[in-house]
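Reading the structure
The primary structure of each chain is shown beneath.
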Amino acid sequence: MARAALPGRLTWRAATLVGERWETPSARTLVLDVPDWPGHLPGQHVDVRLTAPDGYSAQRSYSIASAWADNATDKTVELTVQRLDDGEVSPYLTDTLEIGDQIELRGPVGGWFVWRPAQEKPVLLLAGGSGVVPLMAMIRARGAAKGKQPFRLIYSVRTPEDACYAQELSRRVRDDPGLDVHFVHTRVTPRKRIDVATINSYGWPADFTPDCYVCGPTTFVEAAADILVALGHDPKRIRTERFGGTS
Amino acid sequence: MNPLDGNAMAGDLRELFTVDVTAARYTCAGCGHAEAVGALVLWGQDMGRVGRCPHCEDVVLRVVNAPDRVFLDLHGSVRLELPLAGS
């Protein structure tokens, strides 16, 4: 193994696409087989590198959507990729990559925007668009661990058709005790935005000292984090991840 | 272009260090604000990246990738506080 050369450090490895499904008309989940995958925490991401025949390469970060369990028989890793029509990497991953194809992958990485099942506080998840992906990994990990921590997800998305994992979320709200999901639709009349009233009504009171995770485009992340602070949440309990528009 | 954040530097930094630096807390040399490296506002692309303090926008960290080496400039950070494994 190449990794043995520098123990503890990370290198690129080949991942093979072994499954896929569309979550929305523009978001595709890639099921990847990654040999010697060490496991991951919900919220972590991977870097994907594509290299053209002329040597030009482009690298992007994608959140892991799946939960990992050491004892599970399914050892695959799932990424959900939102296609950006003017993007350099994402259209290849959503529209061109076929079963059996390989991509270069580095990870799992990131130790800050993660939720550990040992955390006991209630959790508030605020998702803007495809920012739901790492938060879904947290919901799945809680479900797999049969976690008792109360979880609330506020998911801001353009229309109901743009919501990833909609069926699974409604199933989990039914089957995973203590999980609530509230949708905010920004392109359905009457148009809504994430605002103080929404987070106040569907989040947790600051007195509960919940762990808050906010993921989405920069404008969403900044608006949501500012509202949380204004509502009295401790900034140290707010973790954010910004999705860029360059993928 | 929209900025990313320090979380997106995790892979590059993990090739250099055996610990995850994005979970470390930096203290900004400009304003004294302390926060996780993952929360830095990140500009730039594959060749070089600049992490700015979300509080005062000063440059806290720069990573530049040359073909055979990496330049890491921590000039804007007074200190880094690194959590050890399991914390």
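Residues numbered from 1 in each chain as written. Chains lettered and ligands numbered in written order. Predicted model: local features only at pLDDT ≥ 70, side-chain atom pairs only at ≥ 80, totals over all residues.

**Quick word on the overall build of chain A**
Going by this rule: Counting from the N terminus, the helices are the DSSP runs of H or I reaching at least four residues and the strands are the DSSP runs of E reaching at least two. With the radius of gyration taken over C-alpha atoms, the globule rule is written as 2.2 Å times the number of residues to the power 0.38. With C-beta atoms placed from the backbone, the exposure class of a residue follows from how many other C-beta atoms lie within 10 Å of its own: 20 or more, buried; 12 or fewer, exposed; in between, partly exposed.
Counting its regular elements, chain A contains five helices and eleven strands. Against the globule reference of 18 Å for 247 residues, chain A gives a C-alpha radius of gyration of 18 Å, in line with a compact fold. Referenced to the eigenvectors of the C-alpha coordinate spread, the extents of chain A come out at roughly 50 × 40 × 30 Å. For chain A, with 247 residues in total, the buried portion stands at 44%.

**Section: the pairing of strand β10 (residues 211-217) of chain A**
The following threshold applies: If the strands point away from the viewer and the path from the first strand over the helix to the second runs clockwise, then the crossover is right-handed.
Across the seven residues that make up β10(A), a large majority, six, are buried. In terms of handedness, the path from β10(A) via helix α5 (residues 218-230) of chain A over to strand β11 (residues 238-243) of chain A forms a crossover that is right-handed.

**A closer look at the domain arrangement of chain A**
All names here are of chain A. Heads up, the condition is: Domain start and end points were adopted from an automatic or database domain assignment. Contact between two residues is assigned when their C-beta atoms, built from the backbone, lie within 7 Å. The classification used treats Ala, Val, Leu, Ile, Met, Phe, Trp, Tyr, Cys and Pro as nonpolar, Asp, Glu, Lys and Arg as charged, and all other residues, Gly among them, as polar.
Looking at chain A, the domain boundaries give domain 1 (2-109) and domain 2 (123-243). The straight-line distance from the C-alpha centre of domain 1 to that of domain 2 is 24 Å. Between domain 1 and domain 2, the residue contacts involve 14 residues of the former and 13 residues of the latter. Secondary-structure elements contributing two or more residues to the side of domain 1 that touches domain 2 are β1 (13-24) and β5 (77-82). Its residues placed into classes, the side of domain 1 that touches domain 2 shows six nonpolar, seven polar and one charged.

**Focus: the environment of B:G6**
Residues and elements named next belong to chain B. Mapped onto the fold, G6 is located in the loop between β1 (4-5) and α1 (10-14). Overall, the presence of 32 C-beta atoms within 10 Å leaves G6 in the buried class. Each C-alpha atom of the pair G6 and W43 lies 9.4 Å from the other, and the pair is 37 residues apart in sequence.

**Thoughts on the interface of chain A and chain B**
The partner chain B presents 19 residues to the 21 residues of chain A that form the contact. For the side of chain A that touches chain B, the secondary structure elements donating two or more residues are β4 (57-63), β6 (102-109) and β11 of chain A. Class assignment of the residues belonging to the side of chain A that touches chain B gives a composition of five nonpolar, eleven polar and five charged.

**Considerations on the nonpolar core**
Residue and element names in this part refer to chain A. What counts here: Put simply, a nonpolar core is a cluster of buried Ala, Val, Leu, Ile, Met, Phe, Trp, Tyr and Cys residues tied together by C-beta atoms within 7 Å.
Judged by nonpolar contacts, the single largest core of 83 residues is most densely connected at L125, L135, L153, Y213, V214 and A224. Two domains each provide a minimum of three residues to this core, namely domain 1 (2-109) and domain 2 (123-243). Not counting the four nearest positions on each side in its chain, V214 is found in contact with L126, V221, A224, A225, I238 and T240.

**Description of the UniProt feature "domain: FAD-binding FR-type" (unreviewed entry) in chain A**
We count it as follows: UniProt positions are given in the numbering used here, feature names are shortened, and annotations may be inferred rather than shown by experiment.
Mapped onto the present numbering, the UniProt feature "domain: FAD-binding FR-type" (unreviewed entry) falls at residues 10-115 of chain A. Regarding residues 10-115 of chain A, the helix share stands at 7% and the strand share at 44%, and the terminal C-alpha atoms are separated by 22 Å.

**Some words on helix α2 (residues 132-144) of chain A**
All names here are of chain A. The cut-off we apply is this: A helix's residues, less one, multiplied by 1.5 Å, set its expected span.
In this model α2 runs 18 Å from its N-terminal to its C-terminal C-alpha over 13 residues, within 8% of the 18 Å that 1.5 Å per residue would give. Burial analysis of α2 places eleven of its 13 residues in the buried class, which makes it a mostly covered element. Every buried residue belonging to α2 is among V132, V133, P134, L135, M136, A137, M138, I139, R140, A141 and R142, and all of these are buried. Two residues or fewer past α2, K146 is found with a positive phi of approximately 50°.

**So, unusual backbone geometry**
Residue and element names in this part refer to chain A. That bond from G107 to P108 is cis: its omega, 0°, falls within 30 degrees of zero. Mapped onto the elements of the fold, P108 is located in strand β6. For K146, which is not glycine, the phi torsion reads 50° and is therefore positive. Tracing the sequence through the fold places K146 in the loop between α2 and β8 (151-157). The residue T209 is not glycine, and still its phi comes out positive at about 40°. If you trace the backbone, T209 turns up in the loop between α4 (196-202) and β10. Assessed through the 13 C-beta atoms surrounding it within 10 Å, T209 is described here as partly exposed.

**Details of the environment of A:I199**
All names here are of chain A. One can find I199 in helix α4. Take I199: there are 24 C-beta atoms within 10 Å of it, and that puts it in the buried class. Separated by 29 residues in sequence, I199 and L228 have C-alpha atoms that sit 7.7 Å apart. Excluding residues within four positions of it along the chain, I199 makes contact with I154, I194, I227, L228 and L231.

**Quick notes on the pairing of strand β2 (residues 27-33) of chain A**
Consecutive side chains of a regular strand alternate in pointing toward one face of the sheet and then the other. Residue and element names in this part refer to chain A. Filter applied, for reference: Two strands make a pair as long as DSSP finds a minimum of two bridges between them.
Here β2 lies mainly inside the structure; five of its seven residues are buried. Strand direction decides the pairing type here: β1 and β2, joined by seven bridges, are antiparallel. By the bridge assignment for β2, T16 is matched with D33. Connecting β1 to the next strand, β2, in antiparallel fashion are two residues. For β2 and β5, the ladder comprises six bridges, and the chain directions are antiparallel. Across the sheet, residue V31 finds its bridge partner in β5, namely E78.

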